[in-house]
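# Geometric and topological summary
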There are 4 protein chains.
Amino acid sequence: MAGNSFGKIFKLTSFGESHGTAVGGIIDGCPSGIKINIDAIQKELNRRKPGQSKISTSRNENDNIEFLSGIFNNVTLGTPIAFAIFNKDQNSKDYNQLKSIYRPSHADFTYQEKFGIRDHRGGGRASARETLSRVVAGAIAKQILEKYKISISAYVSQVGNVKLKKNYLQYDLTKTETNIVRCPDENAAKKMIRLIEQTQKNGDSLGGAITCIAKNVPAGIGEPVFDKLHAEIGKAVLSIPACKGFEIGSGFDAASMYGSQHNDIFQINKNKITTKTNFSGGIQGGISNGQDIYFRAAFKPVATIMSAQESINTENQNIIFKAEGRHDSCVVPRAVPIVEAMTAIVLLDQLLLQKISQH
Amino acid sequence: MAGNSFGKIFKLTSFGESHGTAVGGIIDGCPSGIKINIDAIQKELNRRKPGQSKISTSRNENDNIEFLSGIFNNVTLGTPIAFAIFNKDQNSKDYNQLKSIYRPSHADFTYQEKFGIRDHRGGGRASARETLSRVVAGAIAKQILEKYKISISAYVSQVGNVKLKKNYLQYDLTKTETNIVRCPDENAAKKMIRLIEQTQKNGDSLGGAITCIAKNVPAGIGEPVFDKLHAEIGKAVLSIPACKGFEIGSGFDAASMYGSQHNDIFQINKNKITTKTNFSGGIQGGISNGQDIYFRAAFKPVATIMSAQESINTENQNIIFKAEGRHDSCVVPRAVPIVEAMTAIVLLDQLLLQKISQH
Amino acid sequence: MAGNSFGKIFKLTSFGESHGTAVGGIIDGCPSGIKINIDAIQKELNRRKPGQSKISTSRNENDNIEFLSGIFNNVTLGTPIAFAIFNKDQNSKDYNQLKSIYRPSHADFTYQEKFGIRDHRGGGRASARETLSRVVAGAIAKQILEKYKISISAYVSQVGNVKLKKNYLQYDLTKTETNIVRCPDENAAKKMIRLIEQTQKNGDSLGGAITCIAKNVPAGIGEPVFDKLHAEIGKAVLSIPACKGFEIGSGFDAASMYGSQHNDIFQINKNKITTKTNFSGGIQGGISNGQDIYFRAAFKPVATIMSAQESINTENQNIIFKAEGRHDSCVVPRAVPIVEAMTAIVLLDQLLLQKISQH
Amino acid sequence: MAGNSFGKIFKLTSFGESHGTAVGGIIDGCPSGIKINIDAIQKELNRRKPGQSKISTSRNENDNIEFLSGIFNNVTLGTPIAFAIFNKDQNSKDYNQLKSIYRPSHADFTYQEKFGIRDHRGGGRASARETLSRVVAGAIAKQILEKYKISISAYVSQVGNVKLKKNYLQYDLTKTETNIVRCPDENAAKKMIRLIEQTQKNGDSLGGAITCIAKNVPAGIGEPVFDKLHAEIGKAVLSIPACKGFEIGSGFDAASMYGSQHNDIFQINKNKITTKTNFSGGIQGGISNGQDIYFRAAFKPVATIMSAQESINTENQNIIFKAEGRHDSCVVPRAVPIVEAMTAIVLLDQLLLQKISQH
């Protein structure tokens with residue numbers, strides 16, 4: 001109820017403040033008998049971690065995962081999988097000034113309003129460090145989905161005004177991880193990197209967008225009427241820090257289309273049912289139809305910028321405020337594994353649910 | 001789990017196939033002691049109903065609500081509120097041809113894949129008739145929200161290529177219900193109506209978009225990290241039939257903005273905390289900040305069009321198929337009360353949850 | 001959250017006040033493709049209904065069920081199954097005196113305290129009429145369990161001081177339904193009937209106990225640590241009106257036993273694993289072990305008695321009060337199908353959950 | 001869904017195998033702004049811990065709690081409270097023989113059947129070490145309940161055939177903690193201790209019973225029809241390892257009573273509504289009525305005994321088996337804080353829920 005659990009069958013409950021003892025979570029409902037590759041989980045964490053490249057913050061957080069339960073000799077027991085990533089470098093003196101300030105477009109004010117108290121150090125619970133738990137659960141979900149041949153891959157499709165124009169089918173997605181901005185179009189990647197570097201110098205920050213594709217999801221996944229597959233993915237992705245928009249398949253473009261254009265015509269292709277077009281984004285009536293699922297998510301620019309800003313303090317006084325420390329000026333490349341993780345959790349969860357749909 | 005319930009505290013469980021005996025639902029968790037205005041509920045149903053204007057289908061469904069429990073002398077008892085709208089005109093012979101056809105971009109195929117069986121008559125459970133239950137629960141939620149001075153209003157901001165360009169603050173929203181397309185800009189409304197009529201003549205259909213605003217939501221509502229307020233609203237709205245995209249506040253525009261532009265500067269205004277701009281859309285860190293909450297949702301064109309289309313049948317054969325009956329060529333105006341209803345359910349639900357957040 | 005739903009996968013949400021329009025419910029999560037025998041459901045309702053024999057109240061409520069959705073040509077669709085039993089004989093004038101009285105050991109006072117309002121007619125939501133919905137859902141669950149060869153049978157093992165002494169294995173349970181008190185021991189049955197008739201004449205009421213056995217439940221069902229199988233059954237049965245106690249297997253007798261007596265020794269029997277004794281009641285560590293599951297439940301005497309009693313009214317004044325109308329002096333025989341129903345719902349629910357426990 | 005979470009608003013999710021890295025949990029939904037007394041939590045853990053007296057196992061587990069999140073300067077943040085108790089003395093070689101044996105009346109066989117795999121070391125997830133998490137969450141719940149003047153106290157009312165005969169009102173419950181068996185009747189306590197010591201010498205084990213009382217619970221708590229207050233407490237208590245029976249108020253005695261005896265007559269006492277008797281156990285219609293809530297729970301004798309027993313191994317062969325190590329021969333005294341903890345969690349959870357029942 002209190003918003004720190006996600007999933008129905010494969011259920012992650014997350015915990016942790018940025019400068020508390022640890023962040024982590026419990027996964028309850030992971031099927032038993034799954035061999036877990038711990039290295040692959042750590043690798044996903046490394047894709048998310050700060051300091052991984054020149055366009056990322058120079059803070060060097062070594063996010064080493066420790067499993068506390070639920071895995072025995074590298075195999076899942078079917079019991080809760082608890083894990084923690086201990087916060088090593090808790091130099092919270094850096095954050096003393098935050099105690100009395102409500103930073104613009106941060107969650108300082110709203111947490112205070114909600115709870116009447118907040119851990120001001122590094123954003124507390126509202127810190128993006130929270131997403132570590134998502135990546136861990138997503139990495140486990142991905143390993144299980146692989147057994148069903150389902151793969152998920154996301155890439156950066158926009159940074160500021162540098163925006164990929166083409167459909168995902170027209171890019172070679174194996175190139176996504178070949179550059180630090182995680183964009184499969186090399187030219188665009190270079191522009192994006194340059195833009196981020198320039199923005200960093202200016203003490204400013206940048207928004208962007210991520211496109212994500214799930215392949216080989218079987219038809220029949222999703223639980224209408226309220227838990228439609230794209231509604232679940234939508235919620236999952238919108239819950240990622242800084243996400244402001246979500247569109248599935250044709251998305252906002254659908255608003256200006258005619259039905260005769262938009263309808264995806266069914267056809268038999270080598271004895272398999274496919275569709276000529278895929279404006280539906282692989283989901284019809286809230287249930288997967290076996291085609292590629294793809295969506296796009298928008299991210300706002302990071303709220304922390306390195307210029308002086310007006311704001312107010314906890315005494316309701318107007319102040320001028322300037323952020324300190326080292327921060328990403330564009331977090332979108334680091335959000336790629338988070339988007340994949342949330343998608344993986346939803347797909348696995350719904351896949352498990354579908355096992356009991358029919359008698 | 002099976003996707004027919006929505007809400008945590010104020011919880012709607014919905015039922016009904018388009019041509020079954022009835023559609024309806026149970027609301028469990030409605031606070032006791034609320035005087036209910038049944039006429040106001042019926043009025044919301046009438047805003048949704050087919051046949052209400054020349055641009056709507058000429059089917060004339062009289063959707064009269066009957067309450068079966070939970071309300072005593074017009075006051076809520078705190079016990080489950082059950083309601084049903086009986087399907088009167090169940091002429092299902094019209095639908096015999098649908099038994100063996102998978103219509104393009106409909107849910108015939110996916111329901112069959114999910115359940116191995118489907119009620120083919122009029123779309124069965126996938127029919128938009130399902131949204132009646134949403135409107136009823138939303139109308140009750142609205143009445144409770146009014147006691148907190150919270151108001152919700154949505155309008156059509158796009159039909160096909162006719163798109164409102166300005167921010168919602170620049171329209172007089174009291175004009176929304178003065179025209180049949182529910183657009184507060186009279187000129188645009190005329191263009192939209194003309195476009196719908198023309199499209200109807202062409203046997204085609206149209207998509208569109210809806211903008212929705214919630215005013216006077218107090219700061220502190222929403223349950224991060226996973227149940228962020230905009231993630232909950234996003235899921236609610238994306239679960240409405242035909243919805244393909246959702247954006248809160250700045251939405252997809254945020255992707256191309258700088259932080260220095262996007263940050264909403266806090267200021268003290270007549271002893272109240274407000275923000276200079278509201279790109280956040282009234283939500284920061286997943287929690288309401290007291291400013292207007294606004295979002296936009298995209299709807300695809302209705303899948304049913306009055307022209308011949310290729311498709312396949314349940315025997316996996318290619319066929320040519322042409323829809324019969326009377327159908328809206330643009331459902332977006334009728335979706336306005338549904339968007340409001342889903343928003344109302346989320347806001348009430350989260351408002352109730354917030355009552356137990358602090359000691 | 002508000003207590004009117006039961007089950008995780010196969011989930012019943014119940015509604016209805018005794019003298020409202022209808023009682024009924026929605027079952028969400030029933031697997032698709034199950035052929036439903038409506039007559040068998042009605043038969044279970046008839047086992048529960050008042051007026052079925054001389055020891056039951058002479059009120060003649062014809063509890064005819066109507067299905068509103070989820071079943072198409074007698075087969076489940078996988079969509080919500082809604083049903084209602086309309087209250088025909090709503091002569092609520094009988095209940096005018098109840099408006100201002102808190103009857104002893106009834107729920108009048110507590111509902112008023114909880115909700116600040118109550119439907120006083122015939123007990124409102126606290127009426128045992130609520131159990132109709134349990135019986136319907138249980139009857140459907142039973143039909144599905146039969147496909148797994150699982151059978152559930154309960155019998156009356158105590159009425160007042162007439163108590164069966166032997167273990168269930170020593171009775172011929174096919175005789176349970178041969179007498180109106182639902183006791184498989186014919187001599188005891190006669191004594192029970194006589195005691196009930198005598199008590200009725202005295203204007204008094206009687207408690208009793210029910211024993212229930214589930215056979216052929218496969219090993220592996222139940223979800224520790226909190227949702228242990230007997231904890232779930234315990235909650236289900238304790239939620240039945242008037243139930244005051246629940247014991248699984250050895251139950252309260254276990255408190256005075258030694259481990260050397262109580263331990264159920266495993267042995268191989270015709271290549272199957274069984275236990276020499278079954279003090280565990282078929283459940284070990286909260287998970288079924290394949291042996292018979294059996295439990296006993298205690299029911300208090302009906303609160304409505306036909307003698308004058310002291311009480312208070314809603315004005316907090318002391319009063320003398322005498323019940324009117326026709327009432328059972330012992331409801332335990334009519335509770336037998338309710339106990340079976342709740343057990344069936346739990347077992348089916350956990351059986352479905354177990355399908356996704358292992359990879 | 002997978003059974004490791006308990007509570008609706010104040011929700012504990014538990015993790016940990018007996019010989020894994022740690023046991024612990026996450027509490028989500030604890031209200032913010034509560035000052036937490038960590039020492040009081042540790043004290044409850046010490047009441048549960050092994051080796052605390054001569055009648056308890058000589059294993060000396062120092063169960064030191066570490067909080068990982070959710071508490072800042074000793075005050076709850078409203079965010080998830082994660083905690084862990086690391087398993088220090090993980091000498092798992094002791095348990096090698098258990099790898100291939102299904103011990104009688106333990107959960108070895110059923111976990112294997114459920115999950116196809118198990119952590120055999122010290123019972124794995126089925127170990128009573130799991131109850132540490134219950135005690136921690138219960139200790140926090142107790143601290144919050146104290147602010148509402150609600151107190152919970154349990155005592156041992158039976159060990160083997162030594163059984164307290166009187167109602168709880170006739171004992172001085174402040175004496176419960178003055179002896180190592182936690183029985184308020186000093187004579188009975190001596191007999192119990194002697195019986196336990198004798199049984200330990202015999203290499204056998206003993207069952208028992210616990211009585212628990214909650215005082216000052218306000219009227220109006222509980223969520224009928226399915227989540228009746230005693231049904232929730234019943235489930236909570238039945239989920240404790242070794243619990244075989246639960247009875248509220250009059251319990252199984254109610255079965256042999258007449259309504260004229262059992263009905264609790266309301267009366268006005270110093271302007272407060274009370275009842276002459278309290279056979280209801282403080283709960284009517286599933287909702288608290290303001291009187292004392294009291295119940296009794298039965299516990300079976302510990303399955304581990306120090307004598308040779310027949311059993312089978314994982315190869316389905318008959319074997320003779322003898323337990324090793326140090327074990328309690330009666331765990332009932334150590335279960336007292338666990339019973340209190342589970343009761344506290346239910347009461348707090350329902351108290352929070354009740355805050356949103358009425359408008």
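Scroll up a little and you will see the structure.
Before going into details, it helps to say that this report is about the structure given with it. The structure displayed is predicted, hence computed values, not measured ones. (Residues numbered from 1 in each chain as written. Chains lettered and ligands numbered in written order. Predicted model: local features only at pLDDT ≥ 70, side-chain atom pairs only at ≥ 80, totals over all residues. Heavy atoms only, no water.)

### A closer look at the overall build of chain A
Along chain A, the regular secondary structure elements total seven helices and 19 strands. Taken against the 2.2 N^0.38 rule, which gives 21 Å for 359 residues, the C-alpha radius of gyration of chain A at 21 Å falls within 12% of a compact globule. Its C-alpha atoms give chain A principal-axis dimensions of roughly 65 × 50 × 35 Å. Expressed as a percentage of its 359 residues, the buried residues of chain A come to 69%. (Helix = DSSP H or I, 4+ residues; strand = E, 2+ residues; numbered from the N terminus. Rg over C-alpha atoms; globule rule 2.2 N^0.38 Å. Buried < 20%, exposed > 50% of the residue type's maximum accessible area, 1.4 Å probe, protein only.)

### Things to note about the relation of the copies chain C and chain D
With an axial shift of 0.0 Å and an RMSD of 0.0 Å, the rotation relating chain C to chain D amounts to 180°. In the structure described here, the two chain copies are related by an operation that fits a two-fold rotation axis. (Least-squares fit on C-alpha atoms with pLDDT ≥ 70 in both.)

### Things to note about the interface of chain B and chain C
Opposite the 42 residues of chain B that make contact, chain C presents 42 residues. The interface formed by chain B and chain C contains zero salt bridges. Where chain B meets chain C, there are twelve residue pairs in polar contact (both at pLDDT 80 or more). Sorting the residues of the side of chain B that touches chain C by element identifies strand S2 (11-15), strand S3 (22-28), strand S6 (75-76) and strand S7 (81-86) of chain B as the ones contributing at least two each. (Contact = heavy atoms within 4.5 Å. Salt bridge = Lys/Arg side-chain N within 4 Å of Asp/Glu carboxyl O. Polar contact = N/O pair within 3.5 Å; in protein donor to acceptor, adjacent residues only side chain to side chain.)

### Considerations on the nonpolar core
In a soluble, globular protein the nonpolar side chains are often hidden away together inside. Of all hydrophobic cores here, the largest spans 342 residues; its most connected members are Phe10 of chain A, Phe10 of chain B, Phe10 of chain C together with Phe10 of chain D. Non-local contacts of Phe10 of chain C, meaning those with residues more than four positions away in its chain, are made with Ile27, Asp28, Gly29, Cys30, Ala137, Ile140, Ala141, Ile144, Ile345, Leu348, Asp349 and Leu352 of chain C. Judged by nonpolar contacts, the second largest core, of 14 residues, contains Phe15 of chain A together with Ala22, Leu68 and Ala82 of chain D. (Core = buried A, V, L, I, M, F, W, Y, C linked by side-chain atoms within 4.5 Å.)

### What to know about helix H7 (residues 332-354) of chain B
Between its first and last C-alpha, H7 of chain B extends 33 Å over 23 residues, near the 33 Å set by a 1.5 Å rise per residue. Here H7 of chain B lies mainly inside the structure; 23 of its 23 residues are buried. (Expected span 1.5 Å × (residues − 1).)

### Side note on the packing of aromatic side chains
Residue and element names in this part refer to chain A. Under the criterion given, the structure shown has 34 aromatic pairs over all chains. Here the aromatic rings of Phe246 and Phe295 are separated by 5.1 Å at their centres, their planes lie at 40°, and the arrangement is tilted. Remark: Phe295 occurs in strand S17 (residues 293-299) and Phe246 occurs in strand S12 (residues 243-248); sequence separation between them is 49 residues. The pair formed by Phe246 and Phe295 is uniform in burial state, with each residue classed as buried. (Phe/Tyr/Trp six-rings, centres within 6.5 Å; stacked < 30°, edge-to-face > 60°.)

### Let's talk about the interface of chain C and chain D
On the side of chain D, 111 residues touch chain C, which itself brings 108 residues to the contact. Between chain C and chain D, roughly 8500 Å² of surface is buried when both sides are summed, and carbon and sulfur atoms account for 60% of that area. Applying the counting rule to chain C against chain D returns eight salt bridges. Across the pair Lys276 of chain C and Glu310 of chain D runs a salt bridge whose closest N-O atoms are separated by 3.1 Å. Linking chain C with chain D are 55 residue pairs in polar contact (both at pLDDT 80 or more), by the criterion used here. Here the residues of the side of chain C that touches chain D are counted per class, giving 47 nonpolar, 41 polar and 20 charged. Where strand S12 (residues 243-248) of chain C meets strand S12 (residues 243-248) of chain D, three bridges bridge the pair, whose relative direction is antiparallel. Each residue of the ladder has a partner; that of Phe246 of chain C, found in S12 of chain D, is Phe246 of chain D. (Buried area = accessible area lost by both parts, 1.4 Å probe. Nonpolar A, V, L, I, M, F, W, Y, C, P; charged D, E, K, R; others polar. Pairing = 2+ DSSP bridges.)

### So, unusual backbone geometry
Going from Pro224 of chain B to Val225 of chain B, the amide bond is cis rather than trans, its omega being 15°. Here Val225 of chain B is to be found in the loop between strand S11 (208-215) and helix H5 (229-238). Phi angles above zero are rare outside glycine, and Asn216 of chain C is one such case at about 70°.

### Looking at the pairing of strand S11 (residues 208-215) of chain C
Looking along a regular strand, one sees side chains alternate from face to face of the sheet. Residue and element names in this part refer to chain C. Among the eight residues in S11, seven count as buried, and that is most of the element. Pairing between S11 and strand S17 (residues 293-299): seven bridges, direction antiparallel. If you follow Ile213 over to S17, its bridge partner there is Tyr294.

### Considerations on the pattern of salt bridges
Throughout the structure, instances matching the rule amount to 88 salt bridges over all chains. A salt bridge links Lys235 of chain A to Glu232 of chain B; the shortest N-O distance between them is 3.0 Å. One end of the pair, Lys235 of chain A, is in helix H5 (residues 229-238); the other, Glu232 of chain B, is in helix H5, on a second chain. Glu232 of chain B matches Lys235 of chain A in its accessibility class, with the two residues each being buried. Here Arg334 of chain B and Asp328 of chain B are joined by a salt bridge, their closest N and O atoms 2.4 Å apart. A single burial state applies to Arg334 of chain B and to Asp328 of chain B, both of which are buried. Via salt bridges that share partners, Glu44, Arg47, Lys142, Glu177, Arg182 and Glu340 of chain A belong to a single interconnected network.

### Thoughts on the relation of the copies chain B and chain C
Mapping chain B onto chain C calls for a screw motion: a turn of 180° about the axis and a shift of 0.0 Å along it, with 0.0 Å RMSD after fitting. Interface residue correspondence from chain B to chain C reaches 100%, placing this contact among same-surface, isologous pairings.

### Some words on helix H2 (residues 108-115) of chain B
Across the eight residues of H2 of chain B, six count as buried, placing the element largely inside the fold. Burial in H2 of chain B covers these residues: Asp108, Phe109, Thr110, Tyr111, Lys114 and Phe115 of chain B. Where H2 of chain B is buried, its residues contact strand S13 (266-269), strand S14 (272-275), strand S15 (283-284), strand S16 (287-288) and helix H7 (332-354) of chain A together with strand S8 (101-102) of chain B. Immediately downstream of H2 of chain B, the backbone of Gly116 of chain B shows phi near 70°, a positive value.

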